[in-house]
Amino acid sequence: MLKLLRRGGGHHSAEREKQKKELFAFNKTVGHGFPNKPSSVSFDPKLKLLAVGTRTGVVKIYGAAGVEFMGVHKEECAVNQLFFLPDQGRVVSLLENNTLHLWEVNIKDGNSILEEVKEFSLEGRLQKITVCCMPPDCQHLFLGTEGGNIYVLDVVSFELLEHIIYQDVVMQKIRDSNCPYSVPDDYKVNPGAVEGIAAHPTEPNKLLIGYNRGLIVLWDNKTCNADQTYVGSQQLESLSWHRNGTQFMTAHNDGSYAIWNVSDPTKPEKEPTIPYGPFPCKAVTKVNWLSTKGEAFIVFSGGMPRASYGDRHCITVMQGKNHVVFDFTSRVLDFFTISDTDEECEFDDPHTLVVLVEEELVVIDLQSEGWPTFNKPYLASLHASAITTTTHCSNVPNDVWEKIIKAGEQQMAETFAQREWPINGGKNLSEEPLSRDLLMTGHEDGTVRFWDASTVSLKLLYKLSTSNIFISESEHAEGNAGGEGDEDWPPFRKVGTFDPYSDDPRLGIQKISLCPVTGDLIVAGTAGQVLNLKLAEEGVEQTVESHAVNIVSDRDEFVWKGHDQLNVKTDAIKMSPGFQTVSVVQITPPAAVTALASSVDKGLLAVGTSHGYALFDTIQNKAVITKCTLNPNDLSATGETPMSRRKSFKKSLRESFRRLRRRRSRKEKEEKPRVEAVPTTDLDAPTPEKEDSPAVEAAEEAKEEEPKETVEEEKKEEKKAEEPEKVPVERKIEARSMDDSMTSMVRCLYFATTFIRDATTQTTTFWAGTNAGVIYVYTLTIPDEEKRSEEDVTAELGKEIRLKHHAPVVAMSVIDHDGYPLPDPIDVKKERTKAPNMSGGHSIVICSEEQFKVFSLPNLKPKHKHKLTAHDGSRVRRVSFTNYKSRSDDNYSENCISCLSNLGDLSIYNIPQLKSQMKKSAIRKEDINGISSCIFTSSGEGFYLLSPSEFERFSLSARFIKEPMCMLELKEGMRPAPPEPEPEPEPEPEQTEEGEKKEEEEKAEEEGGETKEEGEEKKEEETTEAKEEGETAEAAEATEQKEEKPEAEDTAKDAEEHISEHTTTTTIITSKPGHTVYEYRTVETTDSGVVRQTQRRVVDTQFESLVESNKERHSGTYQHGMTWDIVQSVLHDEHMDKLVEEVDQLLAKTSVSVNETDQDETQQDITIDEVKDYQAEEEGETKAEDGEVAGKSPQEATNQQTVENNPSTEEILTKCSWCSCLTISDRLKVLGYCLLIVIFYIFSLLMLAYLCWMKAVNNEVRS
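Presented here is a report on the structure given in the accompanying data block. (Residues numbered from 1 in each chain as written. Predicted model: local features only at pLDDT ≥ 70, side-chain atom pairs only at ≥ 80, totals over all residues. Heavy atoms only, no water.)

A short note on the overall build of the chain
Across its full length, the chain carries 19 helices and 69 strands. Taken across its 1263 residues, the chain has 46% of its residues classed as buried. Taking the contacts inside the chain whose residues are at least 6 apart along the sequence as the reference set, 59% of them involve residues at least 24 apart. (Helix = DSSP H or I, 4+ residues; strand = E, 2+ residues; numbered from the N terminus. Buried < 20%, exposed > 50% of the residue type's maximum accessible area, 1.4 Å probe, protein only. Contact = heavy atoms within 4.5 Å.)

See below:
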């Protein structure tokens, strides 16, 4: 019976594991935002792709929205430069360690991926690559080095060509050339490193080589000659050709640029221009000279006056009278322009300027008036202002979604370009999202940004600013961007969204709550401000009401030492379409909001801070209840700053004395036998003053603290804890100190309609959990809708739960009788979700930092619990109640708890049993920002900050996985065609018994059609063969004494009787590398019913080599639908058939009999090599007797034939002898052991002789 139960349990477990795979699966899907620490950028003008490299070795390629590829180098090294091979889907990366890597976008499983295919390294002291240049033909890559040499890399084979442009050769050509002017001698000796290489736009064989010290050479790569030489007066920084190929521009380190004519090497056409002189300026690091039908574009980076604007990060764009200096908030790394012209066009005609800076990517429209910037569909700068909070809202209704989209379009039309996004390569294969999801980020500058999280591309939809509602002390006029004076010079224009500086830190957003049905938004800030906003389609101008709520009104001794509150503007405020502020609730003292909850259908708002919580009626605009959670002994705590030095010193002394007392008490109890749990430093906490001894249970247990708990119950618990047999092997957890100022912080707030007073009456309840492990439960009385604006809402404290070890309460939720968390009533009202089971049997799930526990309602009896801290030492950081849907069954789902611990582990627990379903390590435990920023969605996905500018998206659900599904369509011939597989031999069809009979009949007919002469000749041949076989048989009988008569009789019967059945079975006896023994059993049944069985053992040394050769030839499949295991069996059968035939032939020639079934099974196995050796010996003897071998003895002939048949020494040694089962190494070991034994015996004999001699000597001495 127990076996049956166990089997049933195992079956159930297997089914459950299969079900888990359909529900849960951890995947890191895609990254959102701007890559952290970028270092290089490149663009493919043919495929319209953008590549970005980072200092951590990551390469990302972007195209149209949803088209993303990512590759990571093996070494974590900075990507210095990137070069696209246009129209090929290939990119070359140059790393800081002087290695080059070739990446390709290839198709695998219907999806395009980026993978590294080749690598090249240039080693040498002076071979550090300083600059690279890709010529128009894109067949080679010129590599300029610090030593002044230029190497040529073939991008197809990814190897260096023998052709090298040596600096010495170039200098020698300059000396030998008839220059109209003299180049300074020091330039000829050491012109410096290669600073710039520019391919000639019209003549592909010519290069413009610029050296660091200012020497520029026009080099003919075909004739290896210096056509012209130019000498600049300043250190060279950059080179740029004009499209006509007759002029070029140089940029220098003194902030100047110069235009040169190719035919005039003596001096520039004009004097070098310093745009922002005459005072010393910074270097112009890069310059582009772009032609148009009108005025040409000159784009360069740097060149600002050192004294006035040396700290500015700028790019200057000049076209005729248009002159703009784009001012960025972070350092400029690189830039390029985009144009739709081909190489044959006369002009460049750029239409877009792309600038990569350290913290964002800025794309500027050069065609639209005023040169505005684009709103990027991806690569958004999430950290434009530091992210302080994140909230996700799933399944937003279409009407609310459209309102947000419309408000965002109106908002962005004033600041962003309206032209189509220019980087649109690739094809997005992802399907349209089934639901609309919003990701809302709160920032330090008081803004809330709304992002479209429905797809893999995170796009900004709308931006809400709250700073215009308040009077900020930091409001002041910013310094003039153009400096002091009447004229604004240089003409600065701030671009980009990254702004790390906040006008007022009090504006920071701490909590966000959005009702997706009504569009009501609640935003809470750092200074206790709570804004109530409504979504509107039209702009208005109105005043904003402010309502103050004092949480510590009953504590007269309290003194606030923090910042002041924000004051709301009294004048009418103009509000644009979108979210408009209706009212502001100001919490006093103005501490940061730590918890927020709202009940839109009941018009209630709950706010928690580090001092307590308040329940506010948004319809009547007044407070319902306020509760101060501060410790009475610490009324001067600010909640923002640490305590005074005097108080902290007293506290540390008090804790030190407590530790000493605990140690003494432990030493006294050491004499008693007791099994103690293992304490950990991370979990130990000081005990409260009321407790004389620490808690001894392994994990915290949540329970309702009755107001009159007897001392006897405590003593019973202590006695139970002292019993060594009942103490579990878990971590020891002590109760946390109540003196900590952070214990008063409110961690979570919750509204629910459930059973609190009794099991039959439903009541609207309000729950508040604190950092001290205390949960306050209120029952609310709400008037009817008709009297809602007149009658007040009342709240009564129904229960107060205190967790034993005072662990902070992270989250809580009421579940119905079916185990489903109660949904939002407004969602049930709008039929967005099914109604809960309100027939009774509700429970409350309380999640603290140390454990999860389920209590029944209304009596609060514990039902289930799961300890985290006691088991693995982790603490809960984030919790979400998630509904996981099956991947294959749309009607099946499970409600679970999604949890993130302080160790970075993601885990799932079912409800209400709290059994672990999955646990995965996702975030490094050292990444505190990533762990603290993690959020979960209702569908099983999540987000966390991978860096300040990047969100990492992950999924715990097997159903909802948002990954980039894209493809890059390349022209034919861009990738080599896969090699055609060799023609595979068709397997011979299996013959049935009827087919065999037909073949035998056909053979008989053919034999019957032969002539009589042929028949007589065959008879003569058969008789001669029979005589020879008879002679060999007699010789074998004389030598080996074996019974051959049964075999002769069988062969005679075979000639007379027809075999009706023939079956052969093969068994592997032993298998070693290069040595396999097979056993063959043949069963034959004749028409007369006679059954004959034959057994044969053969040693095979060739099958493994046959398998390896066929494995290389048939990689993957042998035939359509056949796996490699089947291939091995097919090869085995074919090889065994040939092997059996060969053995039978050799045995027939040598007269060696096979083992019969009645023979001794211990008879030694016959190898093919033995049969061949035996045959060779016989042939050698016969040849020696006949005198056919001239000049050689019979033994020499036999040895020669044996060597020819057995070229391998190992095969020669593998014979029927006492060591046939040993390898050469084993034989050497045996030989060594034998020598040691012989030496030991000789030594023993010598010692014995020595002892005898010593005894004789002693006897003589005595006598």
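What about the environment of Asp 176?
With respect to the helices, strands and loops of the structure, Asp 176 is situated in helix H2 (residues 167–176). Asp 176 sits in the exposed class, given a relative accessible area of 52%. Separated by 50 residues in sequence, Asp 176 and Ala 226 have C-alpha atoms that sit 9.6 Å apart.

Quick word on a negative patch on the surface
Judged by side-chain charge, Asp 784, Glu 785, Glu 786, Glu 790 and Glu 791 come together as a negatively charged surface patch. Within the secondary structure, Glu 786 sits in the loop between strand S52 (774–781) and strand S53 (794–803). For Glu 786, a relative accessible area of 73% corresponds to the exposed category. (Patch = residues over 30% accessible without salt bridge, like charges linked within 9 Å, V, L, I, M, F, W, Y side chains within 5 Å. Areas by Shrake-Rupley, 256 points an atom, 1.4 Å probe, with all protein chains shown as cover. Salt bridge = Lys/Arg side-chain N within 4 Å of Asp/Glu carboxyl O. Lys, Arg positive; Asp, Glu negative; His and termini not counted. Charge placed at Lys NZ, Arg CZ, Asp CG, Glu CD.)

Focus on the pairing of strand S8 (residues 99–108)
Counting buried positions along S8 gives eight out of ten residues, so the element sits mostly inside the fold. Direction of pairing for strand S7 (residues 90–95) relative to S8: antiparallel, over a ladder of five bridges. Among the inter-strand pairings, Val 92 is bridged to a residue of S8, identified as Leu 102. Hairpin connection, S7 to S8: the antiparallel pair is bridged by three residues, and Asn 98 has positive phi, about 70°. As paired elements, S8 and strand S9 (residues 111–121) share ten bridges and run antiparallel to each other. The residue bridging Ile 107 from the neighbouring strand is Ser 112, located in S9. From the end of S8 to the start of S9, which pair antiparallel, there are two residues, and Asp 109 there has a positive phi angle of about 55°. (Pairing = 2+ DSSP bridges.)

Let's talk about the pattern of salt bridges
This model, assessed by the stated rule, comprises 31 salt bridges. In this structure, the salt-bridge partner of Asp 340 is Lys 48, at a minimum N-O distance of 3.0 Å. One end of the pair, Asp 340, is in the loop between strand S25 (332–338) and strand S26 (352–357); the other, Lys 48, is in the loop between strand S2 (38–44) and strand S3 (49–54), and 292 residues separate them in sequence. Judged by its relative accessible area of 17%, Lys 48 falls in the buried class. Across the pair Lys 206 and Glu 203 runs a salt bridge, and its minimum N-O distance is 3.1 Å. The partly exposed category is assigned to Glu 203, whose relative accessible area is 35%. The network of salt bridges with common partners includes Glu 203, Lys 206 and Asp 227.

What to know about the state of the cysteines
What we call a disulfide is simply a covalent bond connecting the sulfur atoms of a pair of cysteines. On inspection of all chains with the given rule, the structure shows zero disulfides. Between Cys 133, a cysteine without a disulfide, and Cys 132, which holds the nearest cysteine sulfur, the sulfur-to-sulfur distance is 8.9 Å. Judged by relative accessible area, Cys 133 falls into the buried class, the value being 7%. For Cys 847, which is in no disulfide, the shortest distance to another cysteine sulfur is to Cys 899 and amounts to 7.9 Å. Here Cys 847 falls in the buried class, since its relative accessible area comes to 0%. (Disulfide = S-S within 2.5 Å.)

Things to note about the sheet that holds strand S64 (residues 950–957)
Ordered by their spatial adjacency, four strands build an open sheet running S1-S64-S63-S62, and the pairing between neighbours is antiparallel. The open sheet is flanked by strand S1 (24–33) and strand S62 (935–936), the only strands paired with a single partner.

With respect to the packing of aromatic side chains
One pass over the structure, following the stated rule, counts 30 aromatic pairs. Each ring, one from Phe 852 and one from Tyr 909, has its centre 5.4 Å from the other, and the planes form 75°; the classification is edge-to-face. Taken together, the residues span a long stretch of sequence, with Phe 852 in strand S56 (residues 851–856) and Tyr 909 in strand S60 (residues 905–910) at a distance of 57 residues. When its relative accessible area of 0% is taken as the criterion, Phe 852 is described as buried. (Phe/Tyr/Trp six-rings, centres within 6.5 Å; stacked < 30°, edge-to-face > 60°.)

Focus on the nonpolar core
Counting residues in each nonpolar core, the largest one holds 33 residues, and the members touching the most others are Leu 438, Phe 450, Ile 469, Leu 521 and Phe 579. Residue contributions to this core peak at five residues, all from helix H5 (residues 398–412). If near-sequence neighbours (up to four positions away) are discounted, Phe 450 is found in contact with Leu 438, Leu 439, Met 440, Lys 459, Leu 460, Leu 461, Tyr 462, Leu 464, Leu 521 and Phe 579. One finds Ile 174, Val 194, Ile 197 and Leu 215 within the second-largest nonpolar core, a separate group that totals 21 residues. (Core = buried A, V, L, I, M, F, W, Y, C linked by side-chain atoms within 4.5 Å.)

Brief notes about the environment of Tyr 750
Take Tyr 750: it is sitting in strand S50 (residues 746–754). Looking at Tyr 750, the relative accessible area reads 14%, which means it is buried. For the pair formed by Tyr 750 and Ala 595, sequence separation is 155 residues and the distance between their alpha carbons is 9.7 Å. Apart from residues no more than four positions distant in its own chain, Tyr 750 is found in contact with Ala 597, Thr 765, Phe 766, Trp 767, Met 812, Ser 813, Val 814 and Leu 822. Polar side-chain contacts of Tyr 750 include one of 3.1 Å to the backbone nitrogen of Val 814. (Polar contact = N/O pair within 3.5 Å; in protein donor to acceptor, adjacent residues only side chain to side chain.)

What about the sheet that holds strand S20 (residues 257–261)?
Ordered by their spatial adjacency, three strands build an open sheet running S18-S19-S20, and the pairing between neighbours is antiparallel. Two strands lie at the open edges of the sheet, namely strand S18 (236–241) and S20, each paired on one side alone. Taking the axes of each pair of neighbouring strands and ignoring which way they run, one obtains an average angle of 25° across the sheet. Pairing geometry for strand S19 (residues 247–252) and S20, over five bridges, is antiparallel. Note on S20: the bridge partner recorded for Phe 248 is Trp 260. (Axes fitted to C-alpha atoms, helices over the stretch in contact; angles between N-to-C directions.)

A short note on the side chain of His 866
In this structure, His 866 sits in strand S57 (residues 862–867). The exposure class assigned to His 866 is buried, which follows from its relative accessible area of 17%. Beyond its immediate sequence surroundings of up to four residues, His 866 is in contact with Gln 851, Phe 852, His 871, Tyr 909 and Leu 914.

What to know about unusual backbone geometry
Here the residue pair Gly 277 and Pro 278 is connected by a cis peptide bond, since its omega of 5° sits within 30 degrees of zero. Within the fold, Pro 278 resides in the loop between S20 and strand S21 (284–290). The omega torsion of the bond from Ile 911 to Pro 912 falls at 5°, within 30 degrees of zero and hence cis. Its location among the elements puts Pro 912 in the loop between S60 and strand S61 (916–921). For Asn 395, which is not a glycine, the phi torsion comes out positive at approximately 50°. Its location among the elements puts Asn 395 in the loop between strand S28 (387–393) and H5. Backbone geometry places His 806, a non-glycine residue, at a positive phi of 60°.

That is the geometry; function is a separate question.
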